[in-house]
Amino acid sequence: MTFQTDIDAPLLDVRALRTEFGTDSGTVTAVDGVSFAVHAGERVAIVGESGSGKSAMAMSILRLLAYPGRVTGGAVLLNGRDLSALSERQLSAVRGRLVGTVFQDPMSSLDPVMRISKQMIPPIMRALGLSREVARAEAILWLDKVGIPDAEKRLDAFPFEMSGGMRQRVMIAMALSCRPRLLIADEPTTALDVTIQAQIVEVMKKLTAETGTAMMFITHDLGLVARFADKVAVMYAGRIVEFGPVREIFRTPSHPYTQSLLSTIPSAKALRHQRLAQIPGMPPDMKTPPQGCAFRERCAAAIPRCAQQPPELSPRGAGHVAACWQPEGLTGIVRPECEARVRPGSNRALRDRTMVEINRLTKHFSSPRLLSRKPVPVVKAVNGVTLRVQQGETLGIVGESGCGKSTVARLLLGLEKPTSGEIFTDGLAQMVFQDPSASFNPKMRISAIIEEPLVVKRWGDRAARAARVRHLIAQVGLEEAHLNRYPSQLSGGQRQRVAVARALALDPSVMVADEPTSALDVSVRAQIINLLVDLKEDLGIAFVFISHDLLTVRYIADRIAVMYLGEVVEYGPADEVFDRPAHPYTKALIETVPLPDPVTEATRAPKLLQGELPSPLNLPKGCAFASRCPIVTDRCRAEKPVLRHPMKTREAACHYPHAI
Amino acid sequence: MTQDTTNVPNRAEAPGLAIRAAGGLHRMGQGRFLANRKTRLALVILVPILALTAFAPLLPLQGPLETNLGAMMQPPSLEHPFGTDRMGRDILARTLAGVQISLLVGLSVAVLAMVAGIVLGTLAGFFGGFVDRAVMSIVDIFLAFPSLLLAIGLVAVMGTGVIPVIMAIALADVPRFIRLQRSLVLSLRSRAFIDAARTVDAPQAWLMRRHIVPNTVAPMLVAASIAAANAILVEASLSFLGLGIMPPVPSLGNIIRDGQTYLEQAWWISTLPGLVILAIAISFHFLSDGVREALDPRSRQ
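The notes below deal with the structure included here. (Residues numbered from 1 in each chain as written. Chains lettered and ligands numbered in written order. Predicted model: local features only at pLDDT ≥ 70, side-chain atom pairs only at ≥ 80, totals over all residues.)

1. A few points about the overall build of chain B
When you go through chain B residue by residue, the secondary structure sums to eleven helices and zero strands. Secondary structure elements in chain B, listed N-terminal to C-terminal, are α-α-α-α-α-α-α-α-α-α-α. Sorting the 301 residues of chain B into buried and exposed places 46% on the buried side. Long-range pairs, those at least 24 residues apart, make up 67% of the contacts in chain B between residues at least 6 apart in sequence. (Helix = DSSP H or I, 4+ residues; strand = E, 2+ residues; numbered from the N terminus. Buried ≥ 20, exposed ≤ 12 C-beta atoms within 10 Å, placed from the backbone. Contact = placed C-beta atoms within 7 Å.)

Right, dumping it as structure tokens:
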């Protein structure tokens, strides 16, 4: 099957690729007949949730699969040459030289005991046939191109001397320095902060355009796709369900899965009183692939035919194909759920009671050394934070990692003792943790997990507690059958529901959610956000929502606190902060967020934050943001701005709040 | 290493690979443990030895202490499958009696060292600070001596016999268990489920009993089965050196010691009990591998 109407041969032609993982409990078909083509100079995004087979597919192309995975069918043609026919030796000449790779985890992709130069120069010498000196100059050139300051010196650094963002830049420089024809990047920015992510994406976009390198970009972030890709392949359950030019896919998606995914993202202009559309259910277990269409059970447009015969990709427009029996997917068949169900307005009457009051809170970490006379280094994680949360209100805290937002949460819950300052909470504060796989004792059943707070607080007798647990599990939308399971037997979304149930057990007045959806799949994310919003409205609890996902925070929060290096730099009503930011950092953060709309993205020329977060070990004397601020003056470096009210409802810590 | 699995997206994208990992002992299930090849090999060796040891009095053998001066230094025969020694005692009967003591020593040491290690290691790891420093300095002092040497020293102080031998070997092993338990506790202490329990002010005893210890039992069991094998060898060594179980009470160590003088005339006196020790030690090591692989599916091939 060909999706291309033009006649020139594609650079990469993947045909009916099939990959299986042999496990003890059966064979998992991770990639189930995937065909697509990448032309020279093209940027193709592969989008899919975890388990959709997108990484397995990328690994299969270069036969980099780890045991027990193995390619069981299909062909991969690079420049017309079948890679599956090559010997391991011939293939390693292709890897690196013709095809460069950048993987997700910058921490483990570089050898920790080798200097960058040792890892970078020999491949360049081999690939381009250069002498050591010339190759070294080449390496420095590329490090400079990807934005590594002082490249000549950094070339001889060890990986541990660099931050995650720097290492990912090095990986990109390494991949591109051999002048590959194709770059395969597997979630290259997922582990990084939003501001760094935007920088990296810009670098890759610029450099691949410069060198004419084609790119295959694997991600689950639809915003990035819109910013970056020429074409998009959407994968579900090991198959490509939709493929086409990026604008087509975003404007007229025709597979129900693509359509649902796009509607689950809170858009920048999302109406806050509307519920997010959500995809019911979970992706299928690939050990027992369903008969017919794999998306059938989560699809509102499913017809009997879907159960019998899996749909093949069929044309929907110029170069646009989708695998669905319905010509337009959900369109015209179901109205999106968000229109049907309107989120009730918040009960403003409740708002006059302050549930959380934080005054000039500081938290400094230091580790005194027994046998050292040097001054003890102090990390100022939280540096004078003052916040209020009213009853029934949601406070969103945003900022890059290391800004102290999680420490504020831990202080609020009493998990850490503040260095100075005060915290008052009216009633009990409870927490929903970030990583649903680490937040439960793996040896306890779900029933015992939810019951634990009740047992600890000696709440009721055994029967009353059991009834309460059943009530809670129903409240978060799970079934009683789940109570007998262990955490490892639940999916990520289900576990996060259990986490919410546990947090609700003692009727808390404040709920703190620290990145509650960042470890979840896109299609499940909206389910959890809707659940949290519903509970907040039903129970009238105050919410503190911590996240780096600005679109979600904007959707869920009433007020927003933007944190930078342990300080609140801007604080005010969510819409105002987003629409008219008063602090240059807030503005930069908002600009870096890729929007899931390729047309807008094409016209946007985001002014990206340069550099990285300074070390919290030695904070500058003046404004902490001065080193990265586009409107910095001498006054900022000398004098620290305090939070004040440049606008009636808003606070910002900047000398020039009206300048941006 | 943890036993729970992560379904966090962006990890290895093999659906279902993660799901099969177990949650713990309760689901270790006989299925997976017994399906392990090493476990089965260990059981094929251990079960007959255990059965013979248990039913030794019913076997048509002379008692382990009975001498028969008319049949000294007999080579293995139907009547005396392992032969006889210089006093005409039946080596098989003595070996089986020795195995009984060996197993008693091995299991007692493993249980004692594990329990003491869990208690002290948990306290040190959980509380940190002064408790940690106090416990760990003693541990470091103990660890500065080779454990056999330490056991020899302790036996010299406490005297010979089964109980002192068990105490000495257990005491020499405890530091290792404390170290292991402490490191496990340290990695668990910062996990989110501990934080979750702390947000409802769960008492520290509750945290240790409900959350910490259950998650350390599996690796401790693995260590305990290796310690059992080691203890059997140390007991044999002590007895061989004349410091452990004193003749005429048979122990594998002192039987071998008895026989070594006659190795050229009567090889069976030392060799056959020696092979039995070897078999027991190897099967305990296999068992520990089996336990580990059953509890941690990721270590399997």
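Alright, that's what it looks like, and here's the rest.
2. What about the pairing of strand S21 (residues 567–573) of chain A?
All names here are of chain A. Burial analysis of S21 places six of its seven residues in the buried class, the great majority of the element. Pairing geometry for strand S20 (residues 559–564) and S21, over six bridges, is antiparallel. Its bridge partner lying in S21, Tyr-564 is registered against Glu-567. Here S20 hands over to S21 after two residues, with Leu-565 in that stretch at a positive phi of 50 degrees. Bridge analysis of S21 against strand S23 (residues 650–652) gives two bridges, and the strand direction is antiparallel. Among the inter-strand pairings, Tyr-571 is bridged to a residue of S23, identified as Glu-651. (Pairing = 2+ DSSP bridges.)

3. Here we look at the packing of helix H4 (residues 129–143) of chain B against helix H6 (residues 162–189) of chain B
All names here are of chain B. For the pair H4 and H6, interaxial distance at closest approach is 9 Å and the crossing angle is 135 degrees. Here H4 lies oblique to H6, going by the angle between them. Along this stretch, H4 crosses H6, giving a crossing that reads as left-handed. Residues Val-135, Val-139, Phe-142 and Leu-143 of H4 form the contact with H6, whose own contacting residues are Pro-175, Ile-178 and Arg-179. Looking at the contact of H4 with H6, its residues break down into six nonpolar, no polar and one charged. (Axes fitted to C-alpha atoms, helices over the stretch in contact; angles between N-to-C directions. Parallel < 35°, antiparallel > 145°, perpendicular 65-115°, else oblique. Left-handed = near helix turned anticlockwise from the far one by under 90°. Nonpolar A, V, L, I, M, F, W, Y, C, P; charged D, E, K, R; others polar.)

4. As for the environment of A:Phe578
Residues and elements named next belong to chain A. Structurally, the position occupied by Phe-578 is in helix H19 (residues 574–579). A count of 21 C-beta atoms within 10 Å places Phe-578 in the buried class. In sequence terms Phe-578 and Ile-590 are twelve residues apart; their C-alpha atoms lie 7.1 Å from each other. In contact with Phe-578, not counting residues within four places along its chain, are Arg-554 and Ile-590.

5. A look at the environment of A:Glu297
Residue and element names in this part refer to chain A. Structurally, Glu-297 can be placed in the loop between helix H10 (256–264) and helix H11 (304–308). Accessibility expressed as a C-beta count within 10 Å gives 16 for Glu-297, which makes it partly exposed. Sequence separation of Glu-297 and Leu-550 is 253 residues, and the distance between their C-alpha atoms is 31 Å.

6. Some remarks on the sheet that holds strand S15 (residues 394–398) of chain A
Residues and elements named next belong to chain A. Taken in spatial order, the eight strands line up as S17-S18-S19-S15-S20-S21-S23-S22 in an open sheet, and their pairing is mixed. With one partner strand each, in any of the chains shown, strand S17 (429–432) and strand S22 (644–647) form the two edges of the open sheet. For this sheet the average axis-to-axis angle between neighbouring strands, irrespective of direction, equals 25 degrees. With respect to the sheet, helix H20 (residues 584–592) is in contact with S15, S20 and S21, its orientation differing from that of S20 by roughly 100 degrees.

7. Digging into the sheet that holds strand S5 (residues 81–82) of chain A
All names here are of chain A. Read across the open sheet, the four strands follow the order S2-S1-S4-S5; overall the sheet is antiparallel. Each edge of the sheet is formed by a strand with only one pairing partner; in this case those strands are strand S2 (26–38) and S5. Bridge count between strand S1 (residues 12–23) and strand S4 (residues 69–78): eight bridges; the pairing is antiparallel. Bridge pairing links Val-14 to Val-76 in S4. Along the sheet face, helix H1 (residues 54–61) touches S1, S2 and S4 and points at about 115 degrees away from the line of S1.

8. Brief notes about unusual backbone geometry
With an omega of 10 degrees, the peptide bond between B:Pro247 and B:Pro248 qualifies as cis. On the secondary structure map, B:Pro248 appears in the loop between helix H9 (217–240) and helix H10 (252–260). With a phi close to 50 degrees, A:Arg179 is a non-glycine residue in the positive phi region. The residue A:Arg179 is located in the loop between helix H6 (164–177) and strand S7 (182–186) in this model. A positive phi angle is found at A:Glu187, which is not glycine, with a value near 45 degrees.

9. What about the nonpolar core?
By size, the foremost hydrophobic cluster in this structure holds 276 residues, and its most contacted members are A:Val544, B:Val109 and B:Ile169. In terms of residue count, the dominant contributor to this core is helix H3 (residues 91–127) of chain B (17 residues). Non-local contacts of A:Val544, meaning those with residues more than four positions away in its chain, are made with A:Val389, A:Leu395, A:Ile397, A:Ala409, A:Leu412, A:Val510 and A:Val512. (Core = buried A, V, L, I, M, F, W, Y, C linked by C-beta atoms within 7 Å.)

10. Regarding the packing of helix H5 (residues 147–158) of chain B against H9(B)
Two packed helices can be described by the angle between their axes and the distance between those axes. All names here are of chain B. Where H5 meets H9, the closest approach of the two axes is 11 Å, and the angle between their N-to-C directions is 55 degrees. Looking at the two axes, H5 sits oblique to H9. Once H5 is placed against H9, the crossing between them reads as right-handed. Listed contacts from H9 to Leu-148, Ala-151, Ile-152 and Val-155 of H5 are Val-234, Ser-237 and Leu-238.

11. Comments concerning H5(B)
All names here are of chain B. Along its twelve residues, H5 runs 16 Å from first to last C-alpha, staying within 8% of the 16 Å computed at 1.5 Å per residue. Along H5, the residues classified as buried are Ser-147, Leu-150, Ala-151 and Val-155. All buried residues of H5 project into a common sector of 135 degrees when viewed along the axis, lining one side. For H5, exposure combined with an orientation more than 90 degrees from the buried face picks out Leu-149, Ala-156 and Val-157. Residues of H5 that are buried sit in contact with H4, H6 and H9. (Expected span 1.5 Å × (residues − 1). Arc of directions from axis to C-beta.)

12. Some thoughts on the pairing of S15(A)
The side chains of a regular strand alternate, first on one face of the sheet and then on the other. Residue and element names in this part refer to chain A. With five of its five residues buried, S15 lies for the most part within the structure. Neither face of S15 is open: one carries Thr-394, Gly-396 and Val-398, the other Leu-395 and Ile-397, and all of them are buried. Sheet topology note: the S15/strand S19 (residues 542–546) ladder contains four bridges and is parallel. Across the sheet, residue Thr-394 finds its bridge partner in S19, namely Phe-543.

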